[in-house]
Amino acid sequence: MTGAAAKFAPGDRVRVLAHFPPGHIRTPWYCRGRTGEIERICGRFRNPEQLAYGHRDADREVLYRVGFASRALWPDHKGGKHDRVEIEIYEHWLEPMPGDAT
């Protein structure tokens, strides 16, 4: 991966920002404001939010695979207590959990 180092590492706990901006956004609404854990770093890619508006020279950002307990996303989840969802989320949508070393 080229460019600046990734801000987060596998195992880091993160919170997805709860922004609700207008326009194209790639981060699903149901994970915003929720806490998950970095599963892996996927690489550095052009920001799809900028690409959607024709910015072909869009910034390259780190994309992470973030894992969430299903019950953290949907409190009324009727499945197993170990059910998880993994979502790929760009770095600008993530913040470290308070008290974590990141």
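Anyway, here's the lowdown on the structure attached to this text. Everything numeric here is computed off the predicted structure, so don't read it as measured data.

## Let's talk about the pairing of strand β2 (residues 35-46)
Right, so step 1: Pairing of strand β1 (residues 13-16) with β2, which is carried by three bridges, proceeds in the antiparallel orientation. Looking across to β2, one finds that R13 is bridged to E37.
Right, so step 2: Sheet analysis places β2 next to strand β3 (residues 60-69), joined by eight bridges and oriented antiparallel. Of the residues in β3, the one forming a bridge with R44 is V62.

## Let's talk about the sheet that holds β3
Right, so step 1: Pairing in this open sheet of five strands is antiparallel, and the strands run β4-β3-β2-β1-β5 from one edge to the other. Among the strands making up the open sheet, the edge pair consists of β4 (84-90) and β5 (94-96). Averaged over all adjacent pairs, the angle separating strand axes in this sheet is 40 degrees, with direction ignored.

## Some points on the environment of A58
Right, so step 1: As for its placement among the helices and strands, A58 is situated in the loop between α1 (48-51) and β3.
Right, so step 2: Considering only alpha carbons, one finds A58 and R46, twelve residues apart in sequence, at a separation of 5.4 Å.
Right, so step 3: What A58 contacts, discounting residues up to four positions off in sequence, is R46, N47, Q50 and L51.

## Comments concerning the pattern of salt bridges
Right, so step 1: Under the definition given, this model contains four salt bridges.
Right, so step 2: Between E39 and R84 there is a salt bridge, with the nearest N and O atoms lying 2.7 Å from each other. You can see E39 sitting in strand β2 and its partner R84 sitting in strand β4, a full 45 residues away along the chain.
Right, so step 3: Looking at E39, the relative accessible area reads 28%, which means it is partly exposed.
Right, so step 4: Judged by relative accessible area, R84 falls into the partly exposed class, the value being 44%.
Right, so step 5: Between R65 and E88 there is a salt bridge, with the nearest N and O atoms lying 2.6 Å from each other. Pair noted here: R65 is in strand β3 and E88 is in strand β4, with a separation of 23 residues, a long-range link.
Right, so step 6: Several salt bridges converge on common partners, so that one network encompasses R65, E86 and E88.

Conventions adopted
- Residues numbered from 1 in each chain as written.
- Predicted model: local features only at pLDDT ≥ 70, side-chain atom pairs only at ≥ 80, totals over all residues.
- Heavy atoms only, no water.
- Pairing = 2+ DSSP bridges.
- Helix = DSSP H or I, 4+ residues; strand = E, 2+ residues; numbered from the N terminus.
- Axes fitted to C-alpha atoms, helices over the stretch in contact; angles between N-to-C directions.
- Contact = heavy atoms within 4.5 Å.
- Salt bridge = Lys/Arg side-chain N within 4 Å of Asp/Glu carboxyl O.
- Buried < 20%, exposed > 50% of the residue type's maximum accessible area, 1.4 Å probe, protein only.

So yeah, pure geometry; function would need other evidence.
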